[in-house]
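Residues per chain are reported as follows:
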Amino acid sequence: MVALTDAFCQKHLNDEYAGLARRMAAALSRKRPSPLASGQPRTWACGMLHALGQINFLSDPATKPYMPIAGICSAFVGQSTASAKAAAIRKAINAYRFDPNWSVHSLTDQNPFLWILDINGFIVDIRNAPEEIQQLALTNDLISYLPHDKS
């Protein structure tokens with residue numbers, strides 16, 4: 001599966017997607033019982049890339065890389081098979097759109113789930129908070145970097 005996803009990502013996507021697909025394959029293989037024990041590797045590879053594409057809005061032309069989900073499916077299996085496998089994968093790992101655990105780093109700035117925090121009962125976009133509050137959030141591992149420091 002990993003060889004299939006690596007080859008596809010090398011040709012059509014990027015290293016971020018390849019790394020996430022590897023992590024997803026590892027996460028699925030650790031499940032007990034592992035869903036990967038049955039079915040064709042190409043079906044699972046397609047399902048993983050399909051799920052990652054949905055999580056990261058791959059089919060939105062405004063994203064880079066961009067690829068219609070049908071493009072992933074046509075390289076592996078039929079679209080209905082891929083959609084069913086992707087749904088099973090998302091359910092198995094509790095993944096959702098913009099899931100911070102499965103998001104490409106290039107979309108971090110646009111991911112509202114990473115920046116919205118509850119501060120003293122107030123919902124705050126930490127990117128708009130004073131630097132000292134951002135620093136505190138970073139120190140407490142609530143954000144992965146200071147928004148103004150990203151290059």
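Just above, that's the structure.
Residues numbered from 1 in each chain as written. Predicted model: local features only at pLDDT ≥ 70, side-chain atom pairs only at ≥ 80, totals over all residues. Heavy atoms only, no water.

## Side note on the overall build of the protein chain
Quick reminder of the rule: The numbering of helices and of strands both runs from the N terminus, where a helix is a DSSP run of H or I of at least 4 residues and a strand a run of E of at least 2. Per-residue accessibility, obtained with a 1.4 Å probe over protein chains only, is compared with the maximum for each type, and a residue is labelled buried under 20%, exposed over 50%, and partly exposed between these values. The contact criterion used is simple: two residues touch if any of their non-hydrogen atoms lie within 4.5 Å. Surface accessibility follows the Shrake-Rupley procedure with a 1.4 Å probe radius. Residue values consider only the protein chains on display as shielding.
Assigned secondary structure in the protein chain consists of seven helices and two strands. For the protein chain, the succession of helices and strands along the chain, N to C, is α-α-α-α-α-α-β-β-α. Principal axes of the C-alpha set define a box for the protein chain whose edges measure 50 × 35 × 25 Å. Looking at the protein chain as a whole, 41% of its 151 residues are labelled buried. For the protein chain, contacts bridging at least 24 residues in sequence account for 57% of all contacts bridging at least 6. Of the roughly 8,400 Å² of accessible surface on the protein chain, a fraction of 54% belongs to carbon and sulfur atoms.

## Quick word on helix H4 (residues 69-76)
Filter applied, for reference: The directions from the helix axis to the C-beta atoms form the arc being described.
For H4, every residue scored as buried is listed here: Ile-69, Ile-72, Cys-73 and Phe-76. Taken down its axis, H4 places every buried residue within 95 degrees of arc, on the same side. Elements that come into contact with the buried residues of H4 comprise helix H1 (2-12), helix H3 (41-55) and helix H5 (79-93).

## A look at the pattern of salt bridges
What counts, and what does not: By definition here, a salt bridge exists when the distance from a side-chain nitrogen of Lys or Arg to a carboxyl oxygen of Asp or Glu is within 4 Å.
Following the criterion strictly, the structure yields two salt bridges and no others. Across the pair Asp-6 and Arg-22 runs a salt bridge whose closest N-O atoms are separated by 3.0 Å. Separated by 16 residues along the polypeptide, Asp-6 in helix H1 and Arg-22 in helix H2 (residues 15-30) bring together distant segments of the chain. Classification of Asp-6 as partly exposed rests on a relative accessible area of 25%. The shortest N-O distance in the salt bridge between Arg-127 and Asp-125 comes to 2.7 Å.

## Notes on the nonpolar core
Soluble, globular proteins show a tendency: their nonpolar side chains are buried together. We apply this condition: Take the buried residues of types Ala, Val, Leu, Ile, Met, Phe, Trp, Tyr and Cys, join any two whose side-chain atoms come within 4.5 Å, and each joined set is a nonpolar core.
By size, the foremost hydrophobic cluster in this structure holds 35 residues, and its most contacted members are Ile-72 and Trp-102. When residues of this core are traced back to their parent elements, those giving at least two are H1, H2, H3, H4 and H5. Apart from the residues lying within four places of it in its own chain, the contact partners of Ile-72 are Phe-8, Cys-46, Leu-49, His-50, Leu-58 and Met-67. Core analysis: the second largest hydrophobic core is formed by eight residues, Trp-115, Leu-117, Tyr-145 and Leu-146 among them.

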